[in-house]
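Breakdown of the fold
Take a look at the letters that make up each chain.
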Amino acid sequence: MSGTFVGMPGFPPAAHPAFPAAAHDAVHNPTLRANLRHATHTIRAKRARAVGELSDWAALREAGRRIKDHTLRHLDRYLVQLEESVTAAGGTVHWAADADEANRIVAGLVRATGESEVVKVKSMATQEIGLNEALAQEGIRAYETDLAELIVQLGEDRPSHILVPAIHRNRGEIRDIFRTEMGKWGRPAPEGLTDTPAELAEAARLHLREKFLRARVGVSGANFMVAETGTLVVVESEGNGRMCLTLPETLISVVGIEKVVPTWRDLEVFLQTLPRSSTAERMNPYTSMWTGTTDGDGPRTFHLVLLDNGRTDTLADEVGRQALRCIRCSACLNVCPVYERAGGHAYGSVYPGPIGAILSPQLRGTGSEIDASLPYASSLCGACYEVCPVAIDIPEVLVHLRERVVEGGPAVRQGNKVVLRPAKGHAAERAAMRAARWAFTHPGALGAGQRLASRTRRLHPRTLPGPGRAWSGTRDLPAVPPEPFRDWWRRTHGGKDGAA
Amino acid sequence: MSSRERILGRVRRALADVTPDERPYEEAVPREYLREHGDRTAGQTVELLAENLADYRAIVHRCTAEEVPDLVMRLLARRGSQEVLVPPGLPPQWLAAADPVRIHDRAAHTAARLDRVDSVVTGCAVAIAETGTIVLDGSPEQGRRRISLIPDHHICVVRVPDQVVSSVPQALERLDPARPSTWISGPSATSDIELDRVEGVHGPRTLEVILLG
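The shown structure was predicted, so the numbers you read here are calculated from the model rather than taken from an experiment. Numbers given for residues are sequential positions, taken from 1 along each chain in its written order. Starting at A for chains and at 1 for ligands, labels are handed out in the order in which the entities are written. Two thresholds apply to this predicted model, a pLDDT of at least 70 for residue-level local features and 80 or more for giving and counting side-chain atom pairs, whereas whole-chain, interface and lining totals are computed over all residues. Only hydrogens and water are set aside when side-chain values are computed; all heavy atoms of the structure are taken into account.

With that settled, the discussion passes to the overall build of chain A. Counting from the N terminus, the helices are DSSP H or I runs at least four residues long and the strands are E runs at least two residues long. Within chain A, the regular secondary structure consists of 23 helices and 12 strands. Computed over the C-alpha atoms, the radius of gyration of chain A is 26 Å, within 12% of the 23 Å expected from 2.2 N^0.38 for a compact globule of 500 residues. In terms of overall dimensions, chain A has C-alpha extents of about 90 × 55 × 50 Å along its principal axes. The buried share of chain A, reckoned over its 500 residues, is 59%. Two residues qualify as a contact provided that any one of their heavy atoms is within 4.5 Å of a heavy atom in the partner residue. Long-range pairs, those at least 24 residues apart, make up 72% of the contacts in chain A with a sequence separation of at least 6. Restricting the calculation to C-alpha atoms gives the radius of gyration, and the globule rule supplies 2.2 Å times the number of residues raised to the power 0.38. With a 1.4 Å probe rolled over the protein chains alone, any residue whose accessible area is under 20% of its type maximum counts as buried; one over 50% counts as exposed, and the rest are partly exposed.

A word on the overall build of chain B. Secondary structure assignment for chain B yields 6 helices and 12 strands. In terms of overall dimensions, chain B has a C-alpha envelope of 70 × 45 × 40 Å along the principal axes. Pairs at least 24 residues apart make up 72% of the contacts formed inside chain B by residues separated by at least 6 positions. As presented, chain B carries roughly 8,500 Å² of accessible surface, and 49% of it is formed by carbon and sulfur atoms. The charged-residue count follows a simple rule in which Lys and Arg add positive charge and Asp and Glu add negative charge, with His and chain termini not counted at all. A charged residue contributes its charge at one atom only: NZ of Lys, CZ of Arg, CG of Asp or CD of Glu. Positive and negative side-chain charges in chain B, numbering 26 and 32 respectively, have mean positions lying 8 Å apart. Accessibility throughout is a Shrake-Rupley quantity obtained with a 1.4 Å probe, and a residue counts as covered only by protein chains that appear here.

All names here are of chain A. What counts as a ring pair is set by centres within 6.5 Å for rings of Phe, Tyr and Trp (its six-membered ring), and what kind of pair is set by the plane angle: stacked under 30 degrees, edge-to-face over 60, tilted for all other angles. If you walk through the whole model with that rule in mind, you get 8 aromatic pairs over all chains. For the pair Phe-485 and Trp-489, a centre-to-centre distance of 5.9 Å together with 45 degrees between the ring planes defines the contact as tilted. Taken together, the residues Phe-485 and Trp-489, both in helix α23 (residues 485–492) and 4 residues apart, mark about one turn of the helix. According to the relative accessible area criterion, Trp-489 is partly exposed, its value standing at 49%. A connected cluster of aromatic rings, assembled from ring pairs, spans Phe-19, Tyr-339 and Tyr-347. Distance and angle both matter: a charge sits over a ring if NZ of Lys or CZ of Arg is within 6 Å of the ring centre and within 35 degrees of the ring normal. The ring of Tyr-385 has Arg-61 sitting right over it, with the charged end atom 5.2 Å from the ring centre. Stacked on the ring of Tyr-143, the Lys or Arg Lys-211 has its end atom at 4.7 Å from the ring centre.

The next point concerns helix α3 (residues 42–55) of chain B. Three or four residues apart is the spacing at which side chains of an α-helix point the same way, because the helix has 3.6 residues per turn. Residue and element names in this part refer to chain B. A helix is expected to span 1.5 Å multiplied by its residue count minus one. Between its first and last C-alpha atoms α3 spans 20 Å; for 14 residues at 1.5 Å apiece the expected length is 20 Å, and the two agree. Taken as a whole, α3 has its buried residues at Thr-45, Val-46, Leu-48, Leu-49, Ala-50, Asn-52 and Leu-53. Of the residues flanking the end of α3, it is Arg-57, one or two places downstream, whose phi is positive at about 70 degrees.

Moving on, we come to the domain arrangement of chain A. Looking at the assigned domains, one finds that chain A contains domain 1 (54–307) and domain 2 (442–492). The split of the chain into domains comes from an automatic or database domain assignment. Distance between the C-alpha centres of domain 1 of chain A and domain 2 of chain A: 57 Å.

Across the boundary between the two partners, chain B contributes 76 residues, which contact 101 residues of chain A. Two parts lose some accessible area (1.4 Å probe) when they are put together, and adding that loss for both gives the buried area. Buried surface at the junction of chain B and chain A, both sides included, amounts to about 7,700 Å², of which 56% is carbon and sulfur. Of all residues in chain B, the largest losses of buried area upon contact with chain A belong to Glu194(B), Leu195(B) and His202(B), amounting jointly to 12% of the total for that side. Salt bridges, as used here, are contacts in which a Lys or Arg side-chain nitrogen is within 4 Å of a carboxyl oxygen on Asp or Glu. Counting every contact that joins chain B to chain A gives 14 salt bridges.

What follows covers the sheet that holds strand β12 (residues 206–212) of chain B. Across a sheet, strands are paired by hydrogen bonds formed along the backbone, either parallel or antiparallel in direction. Residues and elements named next belong to chain B. With parallel pairing, the 6 strands of this open sheet are ordered in space as β1-β12-β7-β4-β2-β3. Every interior strand has two partners, whereas the edge strands, β1 (59–63) and β3 (101–104), have only one. Strand-to-strand twist of the sheet, defined as the mean angle between neighbouring strand axes without regard to direction, takes the value 25 degrees. In this structure, strand β2 (residues 83–86) lies alongside β3, joined through 4 bridges in parallel fashion. Of the residues in β3, the one forming a bridge with Glu-83 is Val-101. Docked against the sheet, helix α4 (residues 68–79) engages β1, β2, β4 (119–122), β7 (153–159) and β12, running at close to 170 degrees with respect to β12. Two strands form a pair only when DSSP identifies at least two bridges running between them. A fitted line through C-alpha atoms serves as each axis, taken over the contacting stretch for helices, and the angle formed by two N-to-C directions is quoted from 0 to 180°.

For the rest of this paragraph, the subject is the side chain of Lys68(A). All names here are of chain A. If you trace the backbone, Lys-68 turns up in helix α3 (residues 57–73). It is Glu-258 that comes nearest to the buried, bridge-free Lys-68 among opposite-charge side chains, at 7.0 Å. Excluding residues within four positions of it along the chain, Lys-68 makes contact with Glu-258, Lys-259, Phe-270, Arg-325, Ile-327 and Val-390.

Now for the pattern of salt bridges. One pass over the full model with this rule turns up 56 salt bridges over all chains. Residues Arg216(A) and Glu249(A) are paired through a salt bridge, measuring 3.4 Å at the closest nitrogen-oxygen approach. On the criterion of sequence distance, the pair formed by Arg216(A) in the loop between α10 (197–214) and β4 (217–220) and Glu249(A) in the loop between α11 (240–246) and β7 (250–256) is long-range, its members being 33 residues apart. Overall, the relative accessible area of 38% leaves Arg216(A) in the partly exposed class. When the shortest N-O distance is used, the salt bridge between Arg79(B) and Asp152(B) registers 3.7 Å. Here Arg79(B) is found in helix α4, whereas its partner Asp152(B) is found in the loop between β6 (133–136) and β7, with 73 residues between them in sequence. The class for Arg79(B) is partly exposed, based on a relative accessible area of 35%. By relative accessible area, Asp152(B) is classed as buried at 16%. Each of the salt bridges in this network shares a partner with another, and the network as a whole consists of Arg265(A), Asp266(A), Glu268(A), Glu26(B), Arg31(B), Arg35(B) and Glu173(B).

A few words now on the pairing of β2(B). All names here are of chain B. Of the two faces of β2, the one holding Glu-83 and Leu-85 and the one holding Val-84 and Val-86 are both buried throughout. As paired elements, β2 and β4 share 2 bridges and run parallel to each other. Bridge pairing in β4 places Leu-85 opposite Val-120.

A few words on the sheet that holds strand β3 (residues 141–144) of chain A. All names here are of chain A. Pairing in this open sheet of 6 strands is parallel, and the strands run β1-β10-β7-β4-β2-β3 from one edge to the other. Every interior strand has two partners, whereas the edge strands, β1 (92–96) and β3, have only one. The average angle at which neighbouring strand axes cross in this sheet is 25 degrees, direction not considered. In this fold helix α5 (residues 99–113) packs onto β1, β2 (117–120), β4, β7 and β10 (301–307), with an angle of close to 145 degrees to the strand it touches most, β1.

UniProt annotation of "domain: LUD" (unreviewed entry) refers to residues 47–212 of chain B when read in the numbering used here. Between the end C-alpha atoms of residues 47–212 of chain B there is a gap of 13 Å, over a span that is 19% helix and 32% strand. UniProt positions are given in the numbering used here, feature names are shortened, and annotations may be inferred rather than shown by experiment.

The element strand β9 (residues 286–291) of chain A is largely enclosed, with a buried count of 6 among its 6 residues. Alternating residues of β9(A) divide into Tyr286(A), Ser288(A) and Trp290(A) and Thr287(A), Met289(A) and Thr291(A), and every residue in both groups is buried. As paired strands, β9(A) and strand β9 (residues 181–184) of chain B are joined by 4 bridges and run antiparallel to one another. Opposite Tyr286(A), over in β9(B), you have Ile184(B) as the bridge partner.

Here the focus is the packing of helix α2 (residues 30–52) of chain A against helix α12 (residues 267–278) of chain A. All names here are of chain A. α12 packs onto α2 with a crossing angle of 155 degrees between their chain directions and a minimal axis gap of 8 Å. Judged by the inter-axis angle, α2 sits roughly antiparallel to α12. Here Ile-43, Arg-47, Ala-50 and Val-51 of α2 come into contact with α12, specifically with Arg-276, Ser-277 and Ser-278. Residues are grouped as follows: Ala, Val, Leu, Ile, Met, Phe, Trp, Tyr, Cys and Pro are nonpolar; Asp, Glu, Lys and Arg are charged; all remaining types, including Gly, are polar. Considered class by class, the residues forming the contact of α2 with α12 number 3 nonpolar, 2 polar and 2 charged. Working rule for angles: under 35 degrees goes down as roughly parallel, over 145 as roughly antiparallel, 65 to 115 as roughly perpendicular, anything else as oblique.

Under the local residue numbering, the UniProt record ascribes the feature "domain: Lactate utilization protein B C-terminal" (unreviewed entry) to residues 401–491 of chain A. Between the end C-alpha atoms of residues 401–491 of chain A there is a gap of 43 Å, over a span that is 49% helix and 11% strand.

Encoded structure:
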């Protein structure tokens, strides 16, 4: 494999169009729009109810923010402590600087077991690194076992939501995928399968059962890793996680380095905020916690692969590093007006929505067309920040990244300091900003220009000419007042002289 | 250079602008949230547990110690269970009246063998009222993690009010991080189809909780 593999083969950001072009088809697809609207509106109301039950939500959110910030501030110390704890509990810790290395490590561990198939718990980190595709190249088949991941895998589709990767599919589409595709991967869908969610869930249960029962190797991510105890936590709903974490003899967990928390007690915050923010439940159906290996119960061998893959580069950015607080709840996707209309695929990453718009350009850099466009995939309305259970100020980071795209400047890529060049295609923006800077630092010229504008106001067009037409097609141009404000102020002493 | 050294080096360089916070951890992270929500008697906490368990489609029963054998017998009979999985430390009287064949939790059992067992009866480590959660930690009354996972019918006995706490923080205080734990809130479910909750995927599709006290 090539040395610069950044995940999701066949879907590299370099080949992915910029966000506006990628979103174009989605916003004109009425089925997709309806599916997304239905799902996001359902969950929004439920989340508000679940959060409203806790009178101390603001304090939990603040504690979550502080725990994560403190951990990031001392990340080296907590990673070393985690390594010691996991090792002491019977696990083996591996370190992977990038996607390539993580995939090599996992493939090597699977090969060492002599197995050629693995069952997988839904994991953002393994999607990010394109693990399934990398394993396939090594002749290892990875079965996704989360219902939505199964729908995506069977449909040869791409995930479009962090929590519900098949959110873009409605029940009828899911039934059709199950009917035509399940037989190719194992047990076919039952005869006469209808589109009721209960029947679809039953079909998935039957299809995956045989895979769980024979699985010798499980692959997972983790929601949290506790440095002081070496405990890993996986939060899930269906029980596929429990199957993958307890039935196989070998368990391999690939986890981003930012998932560490210092103490066992810290879980009391996130186990309250995560379920209510993601599925809008008081508690998700199943949470599994394990510390290394346990004699006679669960896997005999446990490997933890700690993944960097751009996280330390993100950590080097004073404004952007707060994105590493993310606990992948997806509440920001569900409230985002842009996500609701554009869907997840347009973001060109396994991390869609507002969090994706700040995470992908930091993990991957802003070099590609899609990554340079993601900071603009927002109206900066701020709803994402409001619902974020760890208070990531997404609009602040978006604006910061826009500046980086337009102006360039220092950044860290793969551990090295680099100076980014200003992106192409923002020449008009830069010219306008330069002109504004000149005008505002030359008050005489500014005043003369404003007076000229006031006197010629009757001649001003109602719409912009040339490339500006698209912008003014849906907006009114601001009307120029008959007299510039500063002239009026000087003449009337701020209105005190009575002359309006 | 190993990747371990490379990553730790990158972390340290990335944090060059940050002044370390050398206060003890408990001071560095103030916790102004509540230890529990609301003010309840022990009895009311048990009521809340029952309510929240039922809200997530667990079937809740209440009985005294004398009534347990009879209740368990009826629940297994109603289900038509032929075999029941038994953790090593389960109080024998709980199954004293039950008809199904006892299958004892042994390391030698394959997953395929356990898949043919209809039901499992376990105790629990702690139950959380505010969230309607029961927690198993692999103690002798609960057995290996897989026995409460593979059968489609799980009966869990909670001793009330002793094993019931109000909140998540209180539950974590009672648990030993070294033991593998499974937190269960209602039967297996999914929200993957149109973000709507549907009960019953891979874990037990029927969860019955007996509040014993």
